[in-house]
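# Observations on the three-dimensional arrangement
Here's the letter readout for the chains.
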Amino acid sequence: MQDVAIVGVGCTPVGEPWDKSLREIAVDSTWNALDDAGTDEVDGLIVGNMSSGNFIDQESLGSLIADYGGLGNISAFKVEGACGSAGAAFKAGVMAVASGYHDVVCVTGVEKMTDVVGNSATKILANACDREYEAIHGVTFVGLNAMIMKRYMHDHKVTREQISTFPVNSHKNGVKNPNAMFRREISLDTVLNSPMVADPLTVMDCAPICDGAASVILTTRERAREFTDTPVIIKGCSVKVDTIGVHDRATVTSMAATKAAAKDAFAQAKMEPKDIQTAELHDAFSIMGVIGLEDLGFVPAGKGAKFAADGEIAIGGKLPCCTMGGLKARGHPVGATGVYQIVELAKNIRGDGVIDVENGIAQNIGGTGSTVSVAILGRDD
Amino acid sequence: MPSSVPRHWRENIKRYRLLGTKCASCGTIHYPRRTVCPSCKARELEEYQFKGSGKIYSYTIIRSPPEGYEFCKPYAAALIELEEGEIVTAQLTDCNFDDLEIGMPVESVIRRMFAYGESGIIVYGYKFRPILPRM
Ligand SMILES: [Zn+2]
């Protein structure tokens, strides 16, 4: 198996670009990354996307994006794992290069969510959970996370105030990211006093519905210097699953899939949580960021909220998290998010990000923890 | 969701009666029903009837419902820990939101879940309600 490097990154600004279609943002982002790598050739394209069939009545994204990207008759297909689609697509890209099947691969995560109106997006997002035994009861994706949060507060005697420092941190970091959807700070009071979506989660605890595309160009560590002086190495990369339904888990307040993927990724990287300098956590809901800190091994169970409330996740804290706004402020175009995280982490590591670090970890969650990918990236040393 | 009749018909009995499975090999019970036991990988499973009572494991109030469920908003949803130990996801009904709490005893009832428009099929299934004091 070959070591794999990121030699180019790109993305589109997250938001509601009414004048741009899915194919346009996907192609923009793909070429943005190709330009960054200084090449116009890849022999593989892997697309991360959750639900183009429901959001815009379009499947066959491998063909669509390769076609409109002018990439020719290359190998191209889509990988799906709900909101964790892009993290899973990234792993597929890493495997493609590591195995020697492909020389240069582009992984593009894309989602166009704002072409549907009314409550359709809420219904489509609920497809991430068990349609027959969760969603059919009218339980939304936010609702499931709200129940996880309620139980977490009950079991760990933690307050809403502590958990909701997560979006405050993400918004603060989003200000500096030109690709973030929300570039303004919010206060804890704003989070707590915003309209309730599913108690105890308010609208400001939840990542927005939006559009976006992000891409990375992968090749072998051996060839990386042909493209860039600052390759970022994939030290560890794992995707693991858990039960589709929250109700079938031994515990709902931690995610077995995160723990398993983290264990795998840390073993590959020969690293431990204490070695990690920054984390891109899947903070789609405040509670997910808190549980992520715990499941990745940074703090013991029940201590994530206090760690966040103490300022340790801020830039300058012990473990800066969601440094470019996270899902909450950068935005969460579901099937693209995992690649946005990799793009941001890679920038921080290679020196054109917002903090100076040698390594970092990204965690991308599909469903309520049903599919979780964990990637550890680092400098080429 | 497609509104085909078979899709709902095939689930009817299980949804009306909370019918799950029990592993013939290791004895683990499952709801929803399964065809492979996740505990021991055995594929010989028998039907298992849950009693239908339990307590609230966690809950929320859905204020922003998905398409098709607007008619009953806001509504309470919960993870119910059944007497037998399994947890199921369902709506709560016949309750005051302010009275809800983790650990509250509840029982299952059959209710209308949603309908495909004015003339489409109506889907029924279980919801849970607080156990009323018996006279
Ligand atoms: Zn068994």
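Along each chain, residue indices are assigned from 1 in the same order as the chain's sequence is written. Starting at A for chains and at 1 for ligands, labels are handed out in the order in which the entities are written. For this predicted model, a pLDDT threshold of at least 70 governs which residues receive local features, and a threshold of 80 or more governs which side-chain atom pairs are given and counted, while totals over whole chains, interfaces and linings are taken from all residues. Just so you know, side-chain values use all the structure's heavy atoms and leave hydrogens and water out.

## Overview of the overall build of chain B
How we decide: Under the DSSP-based scheme used, a helix requires at least four consecutive residues in state H or I and a strand at least two consecutive residues in state E, with every element numbered from the N terminus. Whether two residues touch is decided by their heavy atoms; if any such pair falls within 4.5 Å, the residues are in contact. With residues, only the protein chains shown are counted as cover, and all accessible areas are computed by Shrake-Rupley using a 1.4 Å probe.
When you go through chain B residue by residue, the secondary structure sums to two helices and eight strands. Counting helices and strands in the order they occur from the N terminus, chain B gives α-α-β-β-β-β-β-β-β-β. For chain B, restricting intrachain contacts to residue pairs at least 6 apart in sequence, the fraction spanning at least 24 positions comes to 47%. With the model as given, the accessible surface of chain B reaches about 7200 Å², and the carbon-plus-sulfur share is 49%.

## Considerations on the domain arrangement of chain A
Residue and element names in this part refer to chain A. Rules: Where a domain begins and ends is set by an automatic assignment or by a domain database. Buried area: the sum, over both parts, of the accessible surface (1.4 Å probe) that disappears when the two are put together. We define a salt bridge as a side-chain nitrogen of Lys or Arg found within 4 Å of a carboxyl oxygen belonging to Asp or Glu. The definition of a polar contact used here is a pair of N or O atoms within 3.5 Å, where within protein one atom must be able to donate a hydrogen and the other to accept one, and adjacent residues in sequence count solely through side-chain atom pairs. Gly falls in the polar group here, along with every residue not listed as nonpolar (Ala, Val, Leu, Ile, Met, Phe, Trp, Tyr, Cys, Pro) or charged (Asp, Glu, Lys, Arg).
As assigned here, chain A comprises domain 1 (4–117 + 210–232) and domain 2 (125–207 + 233–379). Tallying the contact residues gives 46 residues for domain 1 and 39 residues for domain 2. Contact between domain 1 and domain 2 buries roughly 3200 Å² in total, counting both sides, with carbon and sulfur atoms accounting for 73%. For domain 1, the biggest contributors to the area lost against domain 2 are Val-14, Cys-83 and Val-232; these three give 22% of the whole. Across the domain 1-domain 2 interface, the total number found is one salt bridge. Asp-36 serves as the salt-bridge partner of Arg-350, at 2.8 Å between the closest nitrogen and oxygen. At the boundary of domain 1 and domain 2, one finds nine residue pairs in polar contact (both at pLDDT 80 or more). Split into classes, the residues belonging to the side of domain 1 that touches domain 2 amount to 25 nonpolar, 15 polar and six charged.

## Here we look at helix H4 (residues 85–98) of chain A
Residues and elements named next belong to chain A. Our working rule: Multiplying 1.5 Å by the residue count of a helix minus one yields the expected span of that helix. Accessibility here uses a 1.4 Å probe with only protein chains present; expressed as a share of the type maximum, an area under 20% marks a residue as buried, one over 50% as exposed, and anything in between as partly exposed.
Compared with an ideal rise of 1.5 Å per residue, which puts 14 residues at 20 Å, H4 spans 20 Å between its outermost C-alpha atoms and is within 8% of the ideal. Of all 14 residues that make up H4, 12 are buried, and the element is covered over most of its length. Within H4 the residues assigned to the buried category are Ser-85, Ala-86, Gly-87, Ala-88, Ala-89, Phe-90, Ala-92, Gly-93, Val-94, Ala-96, Val-97 and Ala-98. Gly-100 occupies a position one or two residues after H4 and carries a positive phi of about 90°.

## Here's the deal with the packing of helix H1 (residues 22–37) of chain A against helix H3 (residues 61–68) of chain A
All names here are of chain A. Selection rule: Note on geometry: axes are C-alpha line fits, over the in-contact stretch for helices, and angles between N-to-C directions span 0 to 180 degrees. Left-handed describes a crossing in which the near helix is turned anticlockwise from the far one by less than a right angle; the clockwise case is right-handed.
Where H1 meets H3, the closest approach of the two axes is 9 Å, and the angle between their N-to-C directions is 65°. When you trace H1 past H3, the crossing you get is right-handed. Of H3, the residues touching H1 (which contributes Leu-22, Arg-23, Ala-26, Val-27 and Thr-30) are Leu-61, Leu-64, Ile-65 and Tyr-68. Of the residues contributing to the contact of H1 with H3, the split by class is seven nonpolar, one polar and one charged.

## With respect to the interface of chain A and chain B
Size of an interface, as often reported, equals the accessible area lost when the parts are brought together. Taken residue by residue, the interface counts 28 residues in chain A and 36 residues in chain B. Taken together, the two surfaces of chain A and chain B that pack against each other cover about 3100 Å², and 55% of this comes from carbon and sulfur. Area buried by chain A at its contact with chain B is led by Tyr-133, His-137 and Met-147 of chain A, which between them contribute 23% of it. One can count four salt bridges joining chain A with chain B. For Arg-63 of chain B, the salt bridge is made with Asp-199 of chain A, and the minimal N-O distance between the two is 2.9 Å. Elements supplying a minimum of two residues to the side of chain A that touches chain B: helix H5 (120–125), helix H6 (141–156) and strand E5 (196–198) of chain A. At six residues, H6 of chain A tops the list of elements feeding residues into the side of chain A that touches chain B. A class-by-class count of the residues in the side of chain A that touches chain B yields 11 nonpolar, nine polar and eight charged.

## Considerations on empty space enclosed by the protein
All names here are of chain A. In plain terms, the rule: The pocket and cavity definitions rest on a 1 Å grid over protein atoms only: a 1.4 Å probe that fits but cannot leave marks a cavity, an open set with protein on both sides within 12 Å along at least five of seven lines marks a pocket, and residues lining either have an atom within 4 Å of a point. Grid points are joined across faces, edges and corners, and a volume is the space filled by probe spheres set on the points.
Considering all chains together, one arrives at one cavity of 30 Å³ or more under this definition. By volume, the largest cavity amounts to about 70 Å³. Residue lining of the largest cavity: Gly-87, Phe-90, Cys-237, Gly-338, Gln-341, Ile-342, Ala-362, Gln-363, Asn-364, Ser-373, Val-374 and Ala-375, and that is the complete set. Of all the elements in the fold, those that place two or more residues in the lining of the largest cavity are H4, helix H14 (337–350), strand E10 (359–366) and strand E11 (371–379). Tallied by class, the residues present in the lining of the largest cavity amount to six nonpolar, six polar and no charged.

## Focus on helix H8 (residues 165–174) of chain A
Along H8 of chain A, eight of the 10 residues are buried, which leaves the element largely enclosed by surrounding structure. Residues of H8 of chain A that are buried include every one of Thr-165, Phe-166, Pro-167, Asn-169, Ser-170, His-171, Asn-173 and Gly-174 of chain A, and no others.

## Overview of unusual backbone geometry
Residue Pro-200 of chain A is reached from Asp-199 of chain A by a cis peptide bond, and omega for that bond is 0°. With respect to the helices and strands, Pro-200 of chain A occurs in the loop between E5 and strand E6 (201–202). Cis geometry is adopted by the peptide bond preceding Pro-32 of chain B, which originates at Tyr-31 of chain B and carries an omega value of 0°. If you trace the backbone, Pro-32 of chain B turns up in the loop between strand E2 (29–30) and strand E3 (45–49). Positive phi values are uncommon outside glycine, yet Ser-60 of chain A reaches one of about 60°. Ser-60 of chain A sits in the exposed class, given a relative accessible area of 52%. In this structure, Lys-41 of chain B takes a positive phi of about 70° despite not being glycine. You can see Lys-41 of chain B is positioned in the loop between E2 and E3.

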